[in-house]
Amino acid sequence: MPEEQLMNARGTIKSKIKDAIHRLKLRYGLGRPFKKLESNQVEAYKFALIWNEIINIFREEDIICDREVELLELPQNDRKDPKCNWETRVIQWPCLLLCNELLLALSQAKELVDAPDRWLWYKICKTEYRRCAVVEAYDSLKHFLLAIVKYDSEERSIIRTYFQEIDQFVQLEKFTKNYNMTALPKIHEKLVNLLTLVLKPDKDADKVVNALQALYEAAIRDFLKEPRNSDQLKEDGLAPQRTSGEGLLFQNAIELPSASNETFYRRVRRLHTILTSRDSMQKVPENLEARRRIAFFSNSLFMNMPHAPQVEKMMAFSVLTPYYSEEVLYSKEQLRTENEDGISTLYYLQTIYASDWRNFLERMRREGMTSERELWTTRLRDLRLWASFRGQTLTRTVRGMMYYYRALEMLAFLDSASEMDMREGSQQLGSMRHNDDIDRLSSEKSPSSRTLSRENSSVSDFFKGHERGTVLMKFTYVVACQIYGSQKAKKDPHAEEILYLMKNNEALRVAYVDEVSSGRDEKEYYSVLVKYDQKLQKEVEIYRVKLPGPVKLGEGKPENQNHAIIFTRGDAVQTIDMNQDNYFEEALKMRNLLEEFKCYYGIRKPTILGVREHIFTGSVSSLAWFMSAQETSFVTLGQRVLANPLKVRMHYGHPDVFDRFWFLTRGGLSKASRVINISEDIFAGFNCTLRGGNITHHEYIQVGKGRDVGLNQISMFEAKVASGNGEQILSRDVYRLGHRLDFFRMLSFFYTTVGFFFNTMMILFTVYAFLWGRLYLALSGVEGSAMANTNNNRALGTILNQQFIIQLGLFTALPMVVENSLEHGFLNAIWDFITMQLQLSSVFYTFSMGTRGHYFGRTILHGGAKYRATGRGFVVQHKSFAENYRLYARSHFVKAIELGLILTVYAAYSPVAQGTFVYIALTISSWFLVVSWILGPFIFNPLGFDWLKTVYDFDEFMNWIWYRGGVFAKSEQSWEKWWYEEQDHLRTTGLWGKVLEIILDLRFFFFQYGIVYHLGIAAESKSIAVYLLSWIYVVVALGLYIIIAYARDKYAAKEHIYYRLVQFLVIILATVLIIALLEFPVQISGYLHQFIGFSSYWVGMYIYCTGPPTLFAKSNALGDCCFCSSPLRHNVWSHCHGPSGPAFMAAWVPKHADKDSFQSSIQ
């Protein structure tokens, strides 16, 4: 950008006010954004070089097609070929901006027939693009006609004379007096016809001659106001001097360039587009991602940013990416392998990236591919790269970060290049490819393979030679591949792909931990940095630093970062995750961003520069879109406010830029203590704030970020984040910040960190308290008494109904709507919000709220946070119910069934809820929460309601339920093993955790207490004896279960006949009890079975599980025995096989599974 457009961050108040007014004018079209840069100025060449490189990279990434490249690029002249050297007097803007402008100018000329030249030209010049379109079309037409006519022909001199005459009249301002403006549409028609004939693949020379003759007749006979005879035309040089018998005009003078002259025909197509485009090109480019990137880059140039220094004077920086064992490059098998539904990863990518796939095939055909079968043979590397660039792979991250190298190399060239250098560079930009462009990498057998060495690159033709060295001194990319050494030893394909990345990226370095055996049982550990030497054609070691012991003592990711940070260089380091991406146009602004370290924000210079993120996985699925919208509102609007004015922005994750020396002397980038620092990113922000650092946020530059795209992946990510926030509450960093921040910053800090999750937990706790409170009011008779004692108790009704408005939760979507309205406009934001609601986004957000509240609360009560690997892959297969049950039983299903049971009982006993409307108004939001928590995993599961899948899921689930497993069985194979793992947190929790768990579980006793006195068996008696007698069923049930458990342990293995005898006697006893209960009304026995026994026995098992380990083991055995020996349970499971499908499974399976097998505890 020109320097006068940039705002000085430390300017005076007067300069800032002027700058604000100037930017306000620009935004609303009231000012001129820049000086007119004509084609003979240096800035125009710089702009053309950069812009065309951006468009070329768009094409390399296959987000635009070849036709869109022609519409978006700034055309350059080829001075080596006279037919392609079309010099114009104005900047040749992209056709995208010139569409319909020439036709509008023609209509103006037709309307202002009698107007003088100056007035007509004034009207045309009121629109800058219209002026450029007219001038470029005129100059291009002149060059086109001279290019298709032979050099030494008489027709060529006629064309030159004609245009010289027009130029002379224009200079004298007598154009409208000597030429007929009404003839311009006819000339336009003839010219378009001529261009169409020239652009046809099968060119007919005779038709071209006829079109030229028709154009000549219109220009001579119709366009000239004063008719001239043949002698006058010959005298003026506008007619041939030869006689009519020597042939027709243009008959032997046409010489069309060969079809291989792509530059010439590209210029002709551009001229044809300018002359014929009528409709607006708002849908160019077609790809939404390309459109978004162009829009953001263009808008960001008008944001406040420091002036960029020359590359030689800029601040040196490094990029650091931790990597463990994620995907580097998709293999052939991964792309072709189909799942049980016949869907492969490649087919999935072709479906969701349909335009990218078409552009990829177009590029491959242009490079010589004749059949799509070649994609699996000679073009396999290109195919694997195309797929990997659309997943969350290391290859995509490396390509994005190496855009820094390409951008700095070009900027270094522009810093020192003369006007002649830039002219030559702009001519060769179309074929310019840097040695870091891994998008063009292909196998050695591929016809499109090229040597990526600098000597064979077209860049070396006009680079002066110092650019490469300058960039290598200013930029280094370090990938911390922690187990790269062991991968090489095992000949893991991942190691080969990492080596391939180093081979084709000169600035890439790989750091890893090397284990060396020094003795019989001793090992030495080294941090090693390697690179690929282009001269030696092999991997070489740069540094080897001995470590005092194994690296992985704490959490893996922060340990990986800390061991590799010593290998970074420069004054700044940008931390990048393995699932991130970067863009070339954004890399151009890195110099501006690094200058922020020199600016004062408040009383200090920044130590962490926050950067905006773009979630690039939003188009993969509806869940990914919901996640993207949620994240976008936080990483833009949210972090902007946190940084200024609240001053409580922390480091919430990569891609922030750190002051490298500041952090090296203060403990490094990350804290890595196990469990407590599971959310390692934010502790860098805590450390920075506590030590007097300053964290800012800047939105004129963005970096891509991938998120999880499936419900299970998202839930595990939310669980990890929520557990990490639970551990943050226990950390001394939060304790110190709470003591040292002022009151207002402390409130802001609380809400934006642990307070958000605490509020989520409190919302769920409030729902529980509200529903249990309403139930106790109903069962105790308080509601009935209040309504009986007053004829019209409106105050009580108003108070009890206030929760209806609050529980709708519409205010939680307000930040997302506000951010979308700022980015895309208010109407688009409202439309997106409505679309998301129709796609059941509220169900997803409600389900996610349950995930956060459950894991945050459990971590606070019992601890035990752990890292959960989400996989980051594409969700192209159906998840079984057993898997969903294992993941969501404790956090969602059991809680939803409990709330649904409370709502049902409340509807039966509450006098307030006797009216249908009143009950719906009171409980609609609570029922929505219940339905969301139960049906969420089915709604967002691929083929979740397919009947055949449901049958298979049921069979698999029953096998999982009944399989006891052995010593080495996993939780995925046996319910018993899964239940043991689910109860682990109760074994390791402290005393207060157990006490609070028991207190929470005691609510079921009050539930039983209230139900008993409403049963007919109580005979309206209020004696405590009624409640004590209700425990008879529980005692009998426990006795039966203990007998069965004892008999199984003692007789099942060796004396099986005795075990069967005990079972027979128990069945007889149970039958007698049932017959006895049938003497009472059926309703009484139903309540006794479903409510009294269920709630009392359930809470009893909860208390057992929180006891000592020996009692815990006995409760496990007891619960397992109850589970295996219950015929009622088996019958309930068999009913789930009915035609009601997954909805009934979701509603019934979790309820009865946890009722009889004692798996759950409410946090």
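Nothing here was measured: the structure is a model prediction, and the numbers come from that model.

## Examining the packing of helix H34 (residues 754-780) against helix H47 (residues 1003-1012)
It is the contact of H34 with H47, at a shortest axis distance of 9 Å, that shows an interaxial angle of 25°. Taken together, H34 and H47 sit at an angle that is classed as roughly parallel. Both H34 and H47 take part in a crossing whose hand is left-handed. Note on element contacts: H47 touches H34 through Arg-1003, Phe-1004, Phe-1006, Phe-1007, Gly-1010 and Ile-1011, opposite Tyr-768, Trp-772, Leu-775, Tyr-776 and Leu-779.

## Some words on the pairing of strand E8 (residues 608-615)
Where burial is concerned, most of E8 is hidden: eight out of the eight residues are buried. By the bridge criterion, two bridges tie E8 to strand E9 (residues 657-659) in an arrangement that is antiparallel. Looking at E9, one finds that Leu-609 is bridged to Val-657. Strand direction decides the pairing type here: E8 and strand E10 (residues 695-705), joined by eight bridges, are parallel. When the bridges of E10 are listed, Ile-615 appears paired with Lys-705.

## Some thoughts on helix H49 (residues 1032-1051)
Its 20 residues give H49 an end-to-end C-alpha distance of 28 Å, which sits within 8% of 28 Å, the value for a rise of 1.5 Å per residue. Listed in full, the buried residues belonging to H49 are Val-1034, Ala-1037, Leu-1040, Ile-1044, Ala-1045, Ala-1047 and Arg-1048. Buried residues in H49, looked at end-on, bunch into an arc of 170°, giving them a common side. Exposed side chains of H49 directed beyond 90 degrees from the buried face belong to Val-1035, Tyr-1046 and Asp-1049.

## What to know about the side chain of Thr-397
Along the polypeptide, Thr-397 turns up in helix H19 (residues 394-401). Residues in contact with Thr-397, not counting those within four places in the same chain, are Thr-321, Tyr-477, Ile-576, Asp-577, Met-578, Asn-579 and Gln-580.

## Re the nonpolar core
Nonpolar side chains tend to gather and get buried jointly when the protein is soluble and globular. Formed by 74 residues in total, the largest nonpolar core has its most connected members in Phe-144, Leu-145, Tyr-179, Leu-194, Phe-223, Phe-250 and Phe-264. Sorting the residues of this core by element identifies helix H4 (95-98), helix H5 (101-111), helix H6 (117-125), helix H7 (128-148), helix H8 (154-171), helix H10 (184-199), helix H11 (205-222) and helix H13 (262-276) as the ones contributing at least two each. Discounting chain neighbours no more than four positions away, the residues touching Leu-194 are Phe-144, Leu-145, Val-208, Ala-211, Leu-212 and Leu-215. Counting 73 residues, the second-largest nonpolar core is a separate cluster that includes Leu-411, Leu-508, Leu-609 and Val-657.

## Section: a nonpolar patch on the surface
Where nonpolar side chains cluster on the molecular surface, the patch consists of Ile-1057, Tyr-1058, Leu-1061, Phe-1064, Leu-1065, Ile-1068 and Val-1072 and spans about 710 Å² of accessible area. Relative to the helices and strands, Val-1072 is located in helix H50 (residues 1056-1077).

## A closer look at a negative patch on the surface
A surface patch of like charges, here negative, comprises Glu-883, Glu-956, Glu-972 and Glu-981. Position of Glu-981 relative to the elements: it lies in helix H44 (residues 975-982). Residue class for Glu-981 comes out partly exposed when judged on its relative accessible area of 44%.

## Some remarks on the confidence of the model for the protein chain
When pLDDT is averaged across the protein chain, the result is 80; 81% of the residues are at 70 or more. Between residues 1-10, whose pLDDT stays under 50, and residues either more than four places distant or in other chains, the model counts 20 contacts. Counting interchain partners and residues more than four positions distant, the pLDDT-below-50 stretch residues 1109-1163 has 135 contacts.

Each value, and the rule that gives it
- Starting from 1, residues in each chain are numbered consecutively following that chain's sequence as written.
- Only residues with pLDDT of 70 or above have their local features reported here, since the model is predicted, and side-chain atom pairs are shown and tallied only from 80 upward, although totals for entire chains, interfaces and linings are computed over all residues.
- Heavy atoms throughout the structure, all of them, feed into the side-chain values; hydrogens and water do not.
- Only the stretch in contact is used when fitting a helix axis, every axis being a line fitted to C-alpha atoms; angles between N-to-C directions are given from 0 to 180 degrees.
- Helix and strand labels come from DSSP, where a helix needs a run of H or I of at least four residues and a strand needs a run of E of at least two; each type is numbered from the N terminus.
- Roughly parallel means an angle under 35 degrees; roughly antiparallel, over 145; roughly perpendicular, 65 to 115; everything else is oblique.
- Note on convention: near helix rotated counterclockwise from far helix by under a right angle means a left-handed crossing. Clockwise means right-handed.
- Note on contacts: a residue pair is in contact if any heavy atoms of the two residues lie within 4.5 Å.
- Throughout, exposure labels follow a simple rule: accessible area from a 1.4 Å probe, protein chains only, divided by the maximum for the residue type, with under 20% read as buried, over 50% as exposed, and the rest as partly exposed.
- By the convention used here, strands pair only if DSSP detects at least 2 bridges between them.
- Here, expected helix span is obtained from the residue count minus one, scaled by 1.5 Å.
- Directions from the helix axis toward the C-beta atoms define the arc.
- Note on terminology: a nonpolar core comprises buried Ala, Val, Leu, Ile, Met, Phe, Trp, Tyr and Cys residues joined through side-chain atoms within 4.5 Å.
- Residues enter patches when their relative accessible area tops 30% and they take part in no salt bridge; the joining distance is 9 Å for like charges and 5 Å for the nonpolar side chains Val, Leu, Ile, Met, Phe, Trp and Tyr.
- Per-residue accessibility takes into account occlusion by the displayed protein chains alone, with areas from the Shrake-Rupley method and a 1.4 Å probe.
- A carboxyl oxygen of Asp or Glu within 4 Å of a side-chain nitrogen of Lys or Arg is what we treat as a salt bridge.
- The charge count includes Lys and Arg as positive and Asp and Glu as negative, but it does not include His or the ends of the chains.
- By convention, charge coordinates are those of NZ in Lys, CZ in Arg, CG in Asp, or CD in Glu.
- You can read pLDDT as the predictor saying how much it trusts each residue, on a scale of 0 to 100.

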